[in-house]
Structures are given as structure tokens and as C-alpha cells.
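A closer look at the structure
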Amino acid sequence: MPRITIIETGLVSPQFRERHGSYPQMFQRMVATSDPSVACDVVSLANGETLPDPAALDAILITGSAAGVYDDVEWIAPLEAFVRTAHDKRIPTVGVCFGHQLIAQALGGTVRKSEKGWGIGRHVYRIAPDNGLIDGETIAVACSHQDQMITPPASARTILSSGFTPHAGLLYANGTTLSVQPHPEFTADYAGALCDLHRGRAPDALIEAAKSSLTEPLDHATLGGVVTRFLVHGGS
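Because the structure is predicted, anything quoted here is derived from the model rather than measured.

Side note on the overall build of the protein chain
- The number of helices and strands found in the protein chain is seven helices and eleven strands.
- What you see for the protein chain is a C-alpha radius of gyration of 16 Å, in line with the 18 Å of a compact globule of 236 residues.
- Every one of the 236 residues in the protein chain was classed for burial, and the buried ones make up 56%.
- As presented, the protein chain carries roughly 10000 Å² of accessible surface, and 50% of it is formed by carbon and sulfur atoms.
- If the 17 positive side-chain charges of the protein chain are averaged to one point and the 24 negative ones to another, these points end up 3 Å apart.

Below, the structure is given as C-alpha cells:
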């Protein structure tokens, strides 16, 4: 069974960590829900750890982060090089939120802070037909982001989209790289806590609408299963 190496690029706020866990712990719960036999390792760039050789890894999952991919953070350029190597060597790789944007930037896409403001709460995304990974017409998943990928890399196909986030999910032509903007690892409770964290940064009306949206059904298990299967089975 392949091992998934989770690259931790952000830290959960201390006030939330005890109740909700770290981002790697959230992903480990997500993976275990889909396939309890899968083992996960963690490399924490956010805590100063060094990236391994991607060629030595079975599968890679890059987490979200409060950082922007365009920020002057010392590990971003090495992580981009890491992604390019993994992509070239066809190591199954998935990025979520920051990871989604980082992979896109590393492979030729454009990311910036969006003039649309914050995307928070439950968002509904259209599913591209015949994408080979996700069935159905729409999927509802919690998100928390202000940055967006504006122009995807030429090698990527958009498989999830919405009016707010036109490129919310990308599947790359190499068949072993996938990325999504929303968070299948989040619980509704944690997504709601993040809404409250944005008070003073986002309009109150947006925050209240986002929190209310989280009482509606979420398809986190569906997308989490897609991500897990993609990593375990090499994108096939």
C-alpha cells in the first residue's frame, strides 16, 4: 500500500488546534475515512522541516496555508521545484487550497489576491463532464480563501468551477497531478470557526451567510474519497 506524504505548509491557529487538530491530522482523518489501511507521513515546512527527495515518495499531498504563494517565504521556491520534479517523475500529487495554487504557479499558472474578496462557507462547484474522477453535476464543499488561480497552466484541465472560483479544481495532463481549491478535510464545525476568524476582515453579512450555508449538506466525504483514491492508485 502506498504511503502518503503530507506536506504541511500552514499551522492551525492555537485556539482551534486542540479541538480540530493540525492540518495533517485533518487529512489523516479524511484518508482513514476512505481507506483506513493507508499510512501517512508528515513533513512540516511550517515548522522548519526540510523537503525530501520527491522521487523517493509514493504520493504527495500539499496542505493549505495562511501564506500566499507569491509571498516572500523561504520554502516556497524549493516547494515549487519539488512539485516540478514530482510532476516530471509522475509521483501522484494533490494540492488543496494553498497547495492547489502552489502547484499551478510551479507549473506555469498565475495566482493573485482576488478582487472578489473572501470565499468562505459552503460553495457549490460545477463538475466537468467526463473528467474520469468525480461523478455528478455539482459538489458542495467548504472553502476559505481570498487568493485565486487566475490563469491555469496550459497542461491543466479545469474539472471544478463556480462563478466565484472559475478554476476550483484542476487535473493535469500527466494524469498524476490533481488540485482543488476547497477543503475536503474540513469539518463543518471547523469551517464555521474559520468564518468567525474573518470578522473584521470580511463583511459581517458575508460571514453570517457563510456560517448559515454550513448547515446544508456537504460532499466532503465524496471529494475526500476522490483525493485518497487518486493518491493511492497513482491517478489511475
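Describing the UniProt feature "domain: Glutamine amidotransferase" (unreviewed entry) in the protein chain
- UniProt marks residues 55–189 with the feature "domain: Glutamine amidotransferase" (unreviewed entry), using the numbering shown here.
- In the segment residues 55–189, helix accounts for 18% and strand for 36%; the C-alpha atoms at its two ends are 37 Å apart.

A word on the environment of R229
- Tracing the chain through its elements places R229 in helix α7 (residues 220–232).
- A residue is classified by how much of its surface remains accessible, and R229, at 43% relative accessible area, is partly exposed.
- C-alpha of R229 to C-alpha of D35: the two residues are 194 residues apart in sequence and 8.4 Å apart in space.

Some thoughts on the packing of aromatic side chains
- For the coordinates displayed, the defined rule picks out four aromatic pairs.
- Taking the centre distance of 6.1 Å and the plane angle of 85 degrees together, the rings of F16 and Y190 count as edge-to-face. Taken together, the residues span a long stretch of sequence, with F16 in helix α1 (residues 14–20) and Y190 in helix α5 (residues 188–197) at a distance of 174 residues.
- By relative accessible area, which is 14% here, F16 ends up buried.
- Aromatic pair W75 and F98: ring centres 5.8 Å apart, planes at 70 degrees, arrangement edge-to-face. One end of the pair, W75, is in the loop between β3 (59–62) and α3 (76–88); the other, F98, is in helix α4 (residues 98–106), and 23 residues separate them in sequence. As far as the burial class goes, W75 and F98 line up, both buried.
- A connected cluster of aromatic rings, assembled from ring pairs, spans F16, Y23, F186 and Y190.
- Here the guanidinium or amino end of K116 rests over the ring plane of F164, the centre of that ring lying 5.9 Å away.

Quick look at the pairing of strand β1 (residues 3–8)
- The element β1 is largely enclosed, with a buried count of five among its six residues.
- Here β1 pairs with β3 via four bridges, running parallel. Residue pairing in the sheet places I6 in a bridge with L61 of β3.

Digging into the side chain of T5
- Considering the arrangement of structural elements, one finds T5 in strand β1.
- On the accessibility criterion, T5 (5% relative accessible area) is buried.
- Aside from chain neighbours lying at most four places away, what touches T5 is D41, V43, L57, A59, I60 and L61.

Quick word on the side chain of E8
- Positionally, E8 belongs in strand β1.
- When near neighbours in sequence (up to four residues on either side) are disregarded, E8 contacts S22, Y23, P24, V42, V43, S44, L45, A46, N47 and T63.

Here we look at the environment of G121
- You can see G121 is positioned in strand β6 (residues 119–127).
- The spacing of G121 and P182 is 61 residues in sequence and 9.8 Å in space, taken between C-alpha atoms.
- Excluding anything up to four places from it in sequence, G121 contacts V141, A142, C143, C195, A210, S213 and L214.

Scoring rules and cut-offs
- Counting restarts for each chain: residues are numbered from 1 in the order of the written sequence.
- In keeping with the predicted nature of the model, local features appear solely for residues at pLDDT of at least 70, side-chain atom pairs appear and are counted solely at 80 or more, and the whole-chain, interface and lining totals rest on all residues.
- The basis for every side-chain value is the complete set of non-hydrogen atoms in the structure, without hydrogens or water.
- What counts as a helix is a DSSP run of H or I of at least four residues, what counts as a strand is a run of E of at least two, and both are numbered from the N terminus.
- Note on method: radius of gyration uses C-alpha positions; expected globular size equals 2.2 Å times residues raised to 0.38.
- The cut-offs for exposure are 20% and 50% of the maximum accessible area for each residue type, with area from a 1.4 Å probe on protein chains only; residues under the lower value are buried, those over the upper are exposed, and the others partly exposed.
- With residues, only the protein chains shown are counted as cover, and all accessible areas are computed by Shrake-Rupley using a 1.4 Å probe.
- For this count, His and the chain ends are skipped, Lys and Arg are scored as positive, and Asp and Glu as negative.
- To locate a charge, take NZ of a lysine, CZ of an arginine, CG of an aspartate or CD of a glutamate.
- UniProt positions are given in the numbering used here, feature names are shortened, and annotations may be inferred rather than shown by experiment.
- Two rings from Phe, Tyr or Trp (for Trp, the six-membered ring) form a pair when their centres sit within 6.5 Å of each other. Planes less than 30 degrees apart are called stacked, planes more than 60 degrees apart edge-to-face, and all others tilted.
- A ring is scored as having a charge over it whenever the NZ atom of a lysine or the CZ atom of an arginine sits within 6 Å of its centre and within 35 degrees of its normal.
- Here, any two strands with at least 2 DSSP bridges between them count as paired.
- By the convention used here, residues are in contact when the closest approach between their heavy atoms is within 4.5 Å.

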